[in-house]
Amino acid sequence: MQDPDRRVLSNRVSELASTRALLNCLIKEFALPENCLRYSWPQEMGGIAPGSYLEGLQWKGIPLTISLPNGQQFFVIVDRRDRLGSHRYLSDVYARKADDNWRCLMFPEFVAQLLAACEHMTCASNDELLDQVLQSQSLTAAIVAHNMGGSGPAPLSGYLASEQGLWFGHPNHPAPKARLWPAHLAQETYAPEFQARTALHLFDVPREGLRITANGLTEDQVLAGFADQSCAGPGRAIICLHPVQAQLFVQDRRVQVLLELGELRDLGTTGALASPTASMRTWYIEGHDYFIKGSLNVRITNCVRKNAWYELESTLIIDQLFQRLQQTQPETLGGLSTVAEPGSLSWAPKHAMEVDGHWFREQTGAILRENFCRRSGADLSVMAGTLFAHDIHSQPLVHRFLQGFNGQALDDEQLLDWFDRYQAMLLRPVLALFFNHGVVMEPHLQNSILIHDNGQPRQLLLRDFEGVKLTDELGMAGIDVGLHPRVRQSLLYTREQGWSRISYCLLINNLSEAVLALSWERAHLAPLMWQRVEQQLRTIRDELVRPAPELDAMIAGESIACKTNLKVRLAAKADRQAGYVNLRSPWGEEVRYG
């Protein structure tokens with residue numbers, strides 16, 4: 001039985017983290033763009049603890065009051081005035097409606113009131129969202145309880161630990177740990193936050209139904225990357241599936257018929273022992289040349305995580321494009337370092353109808369991703385999402401990480417220099433690809449891997465070719481003709497779509513979280529860090545070989561696109577349908593910090 005104190009504490013920690021994530025969404029997607037936020041005390045103070053507003057105690061922070069159109073208000077003390085809505089919260093969150101007194105609500109009531117106010121503003125409603133938020137918080141509590149004992153590795157002690165140490169998930173998502181997981185399959189067996197390690201599920205299939213794509217590999221090398229083929233009979237091959245995907249796969253009657261006929265053979269969980277990474281469907285096998293990114297027909301946060309058949313093909317197209325650019329125009333790539341994805345496979349019965357064929361390929365589709373730890377060192381590689389995340393005491397992990405190499409806490413100048421190196425490695429290649437070549441990366445925190453030298457940034461790897469897009473006016477020109485229309489459609493972005501995506505990923509998802517973590521308890525560093533970003537953007541602008549009007553506007557202080565994770569969930573739409581709101585630039589006229 002779980003320790004009662006641990007259960008109470010883990011629930012409290014998870015509620016705090018979930019509350020802050022929701023508040024982040026509310027501030028970024030509604031309060032700031034709709035001008036519903038004031039850095040001032042509310043007119044009525046009834047119910048707010050007196051200690052929160054004692055005058056003359058500067059360390060108490062800055063009051064933040066949100067007043068929404070339906071009469072709902074929220075109040076919290078923060079450490080800074082931030083144009084991108086990125087704060088350290090210093091007090092409990094208070095809520096009130098109309099003329100009621102302020103109260104610190106129980107978590108379910110807080111969620112219900114916040115979602116009701118957002119539904120009022122958007123005229124959209126998702127009956128499942130409240131349950132998803134509560135399920136996310138409940139799973140977070142189980143994750144915290146599991147990791148409180150300290151028996152597992154420290155989250156930044158090595159690469160795999162960083163993939164499995166993202167305990168609270170996306171800091172700007174309403175339900176970062178929401179998963180429509182099959183109820184009979186324990187999360188502890190398959191989820192990264194529980195340091196899971198399990199064998200992959202194998203199937204023996206007719207080789208003639210395979211579709212293999214390869215860049216620099218033979219078909220046999222691709223097959224060997226997924227599973228040992230020594231037991232495959234003549235004309236047969238062995239493929240691997242995520243164990244949960246396999247359970248879902250064999251429940252389908254089309255699969256059961258093939259099993260009964262012997263065309264398909266279920267070999268069970270007899271594959272390589274593998275560890276799930278933060279994406280849930282990408283597996284790390286120690287010492288193996290590749291990660292294996294399989295399909296997972298489970299909705300996690302916004303999306304069902306299957307490998308669409310057209311994305312399997314577009315991944316190889318992007319791998320080939322990057323290889324060609326590195327060989328022919330490396331000086332135009334801004335020091336780009338990527339994680340190669342040189343092969344993929346999927347299987348479908350040879351005589352399947354088109355609809356059934358696509359279904360089988362999406363169930364069995366998998367991608368080989370280079371295991372960069374083989375060249376960079378697993379002990380010198382960390383995922384940026386965890387690097388700037390928090391521990392169970394709400395402290396940023398990055399400070400203890402850096403202190404471990406330095407012997408003491410870094411001073412202001414050292415933190416600024418560290419940030420300067422990190423942001424340059426992130427910004428230069430992403431902007432060079434966009435403006436010079438029309439390539440749209442998705443450089444969010446989970447797609448960024450920092451390779452370090454005693455804690456100091458040495459290289460930043462960008463990954464996930466499945467998510468790369470090409471602009472219609474430039475990027476698609478670098479691709480050979482003859483693409484399947486659906487593959488072409490999956491790759492295509494307008495220039496406006498591309499700029500919104502990368503500006504959000506770079507500045508709000510990635511650098512804003514880095515700034516917040518590094519300036520924790522030193523809020524005066526934040527404007528200095530954003531000044532470094534502005535200076536870096538000017539340097540990059542001078543390096544580009546093509547016009548960059550969007551970057552010129554960004555440098556001049558025009559607004560920045562912010563993706564709407566809460567709004568898209570309120571509308572019950574897929575992640576690809578998420579829109580953007582505009583937030584004010586973090587540089588330009590002076591910003592006040594407390």
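None of the values given here were measured: they were computed from a predicted structure.

**Structural notes on the overall build of the protein**
At step 1: When its secondary structure is counted, the protein shows 19 helices and 24 strands.
At step 2: In terms of overall dimensions, the protein is globule-like: its C-alpha atoms have a radius of gyration of 24 Å, near the 25 Å expected for 594 residues.
At step 3: Expressed along its principal axes, the backbone C-alpha trace of the protein runs to roughly 80 × 60 × 50 Å.
At step 4: Taken across its 594 residues, the protein has 59% of its residues classed as buried.
At step 5: A separation threshold of at least 6 residues defines the contact pool for the protein, and within that pool the share at least 24 residues apart is 73%.
At step 6: Side chains of the protein give 56 positive and 66 negative charges; the mean places of these two sets differ by 1 Å.

**Notes on the packing of helix α2 (residues 107–122) against helix α3 (residues 129–147)**
At step 1: The N-to-C vectors of α2 and α3 enclose an angle of 145°; their axes lie 10 Å apart at closest approach. Considering only the axes of α2 and α3, their crossing is right-handed. Contacts between α2 and α3 pair F107, P108, V111, A112 and L115 from the former with L129, L130, V133, L134 and Q137 from the latter.

**A word on the nonpolar core**
At step 1: F388, Y422, L431 and L551 are the most contacted members of the largest nonpolar core, which has 91 residues in total.
At step 2: Looking at this core, the element that brings in the most residues is helix α14 (residues 412–437), giving 13 residues.
At step 3: Each of domain 2 (197–373) and domain 3 (377–556) accounts for three or more of the residues forming this core.
At step 4: Formed by 34 residues, the second largest nonpolar core is a distinct cluster that contains I27, L37, L114 and L115.

**Quick word on the sheet that holds strand β1 (residues 37–38)**
At step 1: Spatial strand order, β1-β2-β3-β4: four strands in an open sheet with antiparallel pairing. Pairing within the sheet leaves two strands with one partner each, and these edge strands are β1 and β4 (94–97).
At step 2: Two strands pair when backbone bridges link them, and β1 and strand β2 (residues 62–67) are joined in this way by two bridges, in the antiparallel orientation. Along β2, the bridge assignment pairs R38 with T65.
At step 3: Sheet contacts for helix α1 (residues 4–31): β1, β2 and β3 (72–78); angle to β2, the most-contacted strand, approximately 65°.
At step 4: Against the sheet, α2 touches β3 and β4, its axis set at about 115° to β3.

**Remarks on the pairing of strand β13 (residues 296–300)**
At step 1: The element β13 is largely enclosed, with a buried count of four among its five residues.
At step 2: Here β13 pairs with strand β14 (residues 303–305) via three bridges, running antiparallel. When the sheet's bridge partners are listed, L296 is paired in β14 with R305.
At step 3: Between the end of β13 and the start of β14, which pair antiparallel, lie two residues, with T301 showing a positive phi angle near 50°.

**Some words on the UniProt feature "domain: Aerobactin siderophore biosynthesis IucA/IucC N-terminal" (unreviewed entry) in the protein**
At step 1: UniProt marks residues 159–388 with the feature "domain: Aerobactin siderophore biosynthesis IucA/IucC N-terminal" (unreviewed entry), using the numbering shown here.
At step 2: This span, residues 159–388, is 32% helix and 24% strand, and a straight line between its end C-alpha atoms measures 14 Å.

**Regarding the confidence of the model for the protein**
At step 1: Confidence along the protein averages 93 in pLDDT terms, with 97% of residues attaining 70 or more.
At step 2: In the predicted structure, residues 55–59 sits below a pLDDT of 50 and forms one contact with residues beyond four places in sequence or in another chain.

**Section: the domain arrangement of the protein**
At step 1: The assigned domain composition of the protein is domain 1 (4–158), domain 2 (197–373) and domain 3 (377–556).
At step 2: On a C-alpha basis, the centres of domain 1 and domain 2 stand 40 Å from each other.

**Comments concerning the pattern of salt bridges**
At step 1: Within this structure, the stated rule accounts for 34 salt bridges.
At step 2: Here D412 and R522 are joined by a salt bridge, their closest N and O atoms 2.9 Å apart. With D412 in helix α14 and R522 in the loop between α16 (495–518) and α17 (525–543), this pair connects stretches of sequence that are 110 residues apart.
At step 3: Look at R522 and you get buried, because its relative accessible area is 18%.
At step 4: R538 serves as the salt-bridge partner of E534, at 3.2 Å between the closest nitrogen and oxygen. Pair noted here: E534 and R538 are both in helix α17, with a separation of four residues, about one helical turn.

**Regarding the state of the cysteines**
At step 1: Applying the stated criterion across every chain yields a total of zero disulfides.
At step 2: The cysteine C231 is free of any disulfide, with C240 supplying the nearest cysteine sulfur at 15 Å.
At step 3: Distance from the sulfur of C562, which forms no disulfide, to the nearest cysteine sulfur (C25) is 8.7 Å.
At step 4: Look at C562 and you get buried, because its relative accessible area is 1%.

**Remarks on the environment of E473**
At step 1: Among the structural elements, E473 can be located in the loop between β21 (469–471) and α15 (485–491).
At step 2: When the C-alpha atoms of E473 and W530 are compared, they prove to be 31 Å apart, with 57 residues separating the residues in sequence.
At step 3: There is a polar contact of 3.4 Å between the side chain of E473 and the side chain of R495.

**Regarding helix α8 (residues 253–261)**
At step 1: At the N-terminal boundary of α8, the capping side chain belongs to D252, with an oxygen 2.8 Å from the backbone nitrogen of R254.
At step 2: Positioned one or two residues after α8, G262 has a phi angle of 85°, which is positive.

**Re unusual backbone geometry**
At step 1: Within the chain, E521 stands out as a residue other than glycine whose phi angle is a positive 65°.
At step 2: With respect to the helices and strands, the residue E521 is situated in the loop between α16 and α17.
At step 3: Notably, A572 is not glycine yet its phi reads approximately 55°, a positive angle.

**Considerations on the sheet that holds strand β17 (residues 381–383)**
At step 1: Taken in spatial order, the three strands of this open sheet run β17-β19-β20, and their pairing is antiparallel. Strands at the two margins of the open sheet, each flanked by one partner only, are β17 and β20 (456–462). Across the sheet, the mean angle from the axis of one strand to that of its neighbour is 30°, orientation sign disregarded.
At step 2: The pairing of β17 with strand β19 (residues 448–453) spans three bridges and is classified as antiparallel. Paired with S381 across the bridge in β19 is I451.

Criteria and cut-off values
Residues numbered from 1 in each chain as written. Predicted model: local features only at pLDDT ≥ 70, side-chain atom pairs only at ≥ 80, totals over all residues. Heavy atoms only, no water. Helix = DSSP H or I, 4+ residues; strand = E, 2+ residues; numbered from the N terminus. Rg over C-alpha atoms; globule rule 2.2 N^0.38 Å. Buried < 20%, exposed > 50% of the residue type's maximum accessible area, 1.4 Å probe, protein only. Contact = heavy atoms within 4.5 Å. Lys, Arg positive; Asp, Glu negative; His and termini not counted. Charge placed at Lys NZ, Arg CZ, Asp CG, Glu CD. Axes fitted to C-alpha atoms, helices over the stretch in contact; angles between N-to-C directions. Left-handed = near helix turned anticlockwise from the far one by under 90°. Core = buried A, V, L, I, M, F, W, Y, C linked by side-chain atoms within 4.5 Å. Domains from an automatic or database assignment. Pairing = 2+ DSSP bridges. UniProt positions renumbered as here; feature names shortened; annotations may be inferred. pLDDT = per-residue confidence, 0-100. Salt bridge = Lys/Arg side-chain N within 4 Å of Asp/Glu carboxyl O. Disulfide = S-S within 2.5 Å. Polar contact = N/O pair within 3.5 Å; in protein donor to acceptor, adjacent residues only side chain to side chain.

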